[in-house]
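# Descriptive structure summary
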Amino acid sequence: MPVELTTLSQSSLQDYNDCPRRFELRYIQGLSYPALETESALENEKHQQEGEYFHRLAQQQLIGIPAEQIGKLANTPNLQRWWVNFLDLRGLKALRRFHPEITLSAPLGKFRLLAKYDLIGLADDGKVFVYDWKTYRKRPKNEWLHARWQTRVYRALLVRASAHLNDGKPFSPEQIEMIYWFADFPSDPARFPYQADQYKRDWDALTRLCEEITTASDFPLTDDRGKCSYCPYRSYCDRGHRAGEAFDAELETEAQELFDINFEQIGEIAF
Ligand code: SF4
């Protein structure tokens, strides 16, 4: 049954960007994924659950629970490795204020644009860092990350909706840097500073995309069949029943991202 779509997030915008049909199935028709009972799907699910659990451990550390206590909960090889790497994350030591697991939102046309941040951290020199923890198996290229809606939405929304974190004054784009920190590649984070012209370009693009979604009368299938190779809706689109095997790093990462829990699927969020 169609659902009234009231929010947009980096996940839904990325889906619309990658395949309007997937956006329609997932967010407008509200269809959950058909169960995938393959070895690799089960393995992916386990990896995703560990990733979510790691985010909880990181959050607990950032709100001040002693590391020794949290470390006992890192009870799988992946979690133990990620946790040890996280404890070594030096950039955090320069921060004077922490906002872990914080949600920001702002109006965007008839929608609300939402983003949940792993960490927004303020440094003494006025810089503000957006950290996002990633438990990818492969380190994606910076160019791919740079083009993702997450990178654009998280920085633009921080300018738009951050006044309450900065004594009533929004952060300027030049104060902001987004950092993807990879739990399995801890010494190779991806860093994306921001500038006023990028912010303008991003917000204009978001506004246009929102208008396009608002007025769309059909949601075509993507022409890029590579996107279908990992998409769980394949059976709805007659684009094959089996997942493709030969993923490159970025396609595999897109597949992992697709299974991340996001706002629209969690349902209502209180503000
Ligand atoms: S299978 Fe392909 S066309 Fe269908 S929703 Fe997924 S990406 Fe889009």
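Further up the page is the structure itself.
Report on the accompanying structure. Predicted, not measured: the structure shown is a model, and the values here were computed from it.

The next thing to look at is the site of the ligand. Every residue close to the ligand is listed here: Cys19, Arg21, Arg22, Leu221, Thr222, Cys228, Cys231, Arg234, Cys237 and Arg239. Of the residues assigned to the shell around the ligand, the class counts are five nonpolar, one polar and four charged.

According to the stated counting rule, one finds 18 aromatic pairs in the structure shown. Note on Phe86 and Trp181: the rings are 5.8 Å apart at their centroids and 70 degrees apart in plane angle, and the pair reads as edge-to-face. Here the residue Phe86 occupies a position in helix H5 (residues 77–87), and Trp181 occupies one in strand E5 (residues 176–182), the gap between them amounting to 95 residues. Each of the two residues, Phe86 as well as Trp181, counts as buried. Ring centres 6.5 Å apart and planes at 40 degrees place the aromatic pair Tyr199 and Trp203 in the tilted group. Of this pair, Tyr199 and Trp203 both sit in helix H8 (residues 196–215), four residues apart, roughly one helical turn. For Trp203, a relative accessible area of 8% translates into the label buried. Lying over the aromatic face of Trp149, Arg152 brings its terminal NZ or CZ to 4.5 Å of the ring centre.

Turning to the pairing of strand E2 (residues 95–108), a few remarks are in order. The side chains of a regular strand alternate between both faces of the sheet. Judged from the twelve bridges that link them, E2 and strand E3 (residues 111–123) form a sheet pairing that is antiparallel. Bridge pairing in E3 places Leu104 opposite Ala115. Turn length for the E2-E3 hairpin, with the two strands adjacent in sequence and antiparallel, is two residues, and the turn residue Gly109 shows positive phi of about 60 degrees.

Among the seven residues that make up strand E4 (residues 128–134), seven are buried, leaving the element largely enclosed by the rest of the structure. Burial of the side chains of E4 extends over both faces: Val128, Val130, Asp132 and Lys134 are buried on one face and Phe129, Tyr131 and Trp133 on the other. Counting the residues between successive antiparallel strands, the hairpin from E3 to E4 contains four residues, one of them, Gly126, with a positive phi of roughly 90 degrees. Pairing analysis gives seven bridges linking E4 to E5, with the strands arranged parallel. Each residue of the ladder has a partner; that of Asp132, found in E5, is Tyr180.

Quick notes on the rules
- Residues numbered from 1 in each chain as written.
- Predicted model: local features only at pLDDT ≥ 70, side-chain atom pairs only at ≥ 80, totals over all residues.
- Heavy atoms only, no water.
- Near = heavy atom within 4 Å.
- Nonpolar A, V, L, I, M, F, W, Y, C, P; charged D, E, K, R; others polar.
- Phe/Tyr/Trp six-rings, centres within 6.5 Å; stacked < 30°, edge-to-face > 60°.
- Helix = DSSP H or I, 4+ residues; strand = E, 2+ residues; numbered from the N terminus.
- Buried < 20%, exposed > 50% of the residue type's maximum accessible area, 1.4 Å probe, protein only.
- Lys NZ or Arg CZ within 6 Å of the ring centre and 35° of its normal.
- Pairing = 2+ DSSP bridges.

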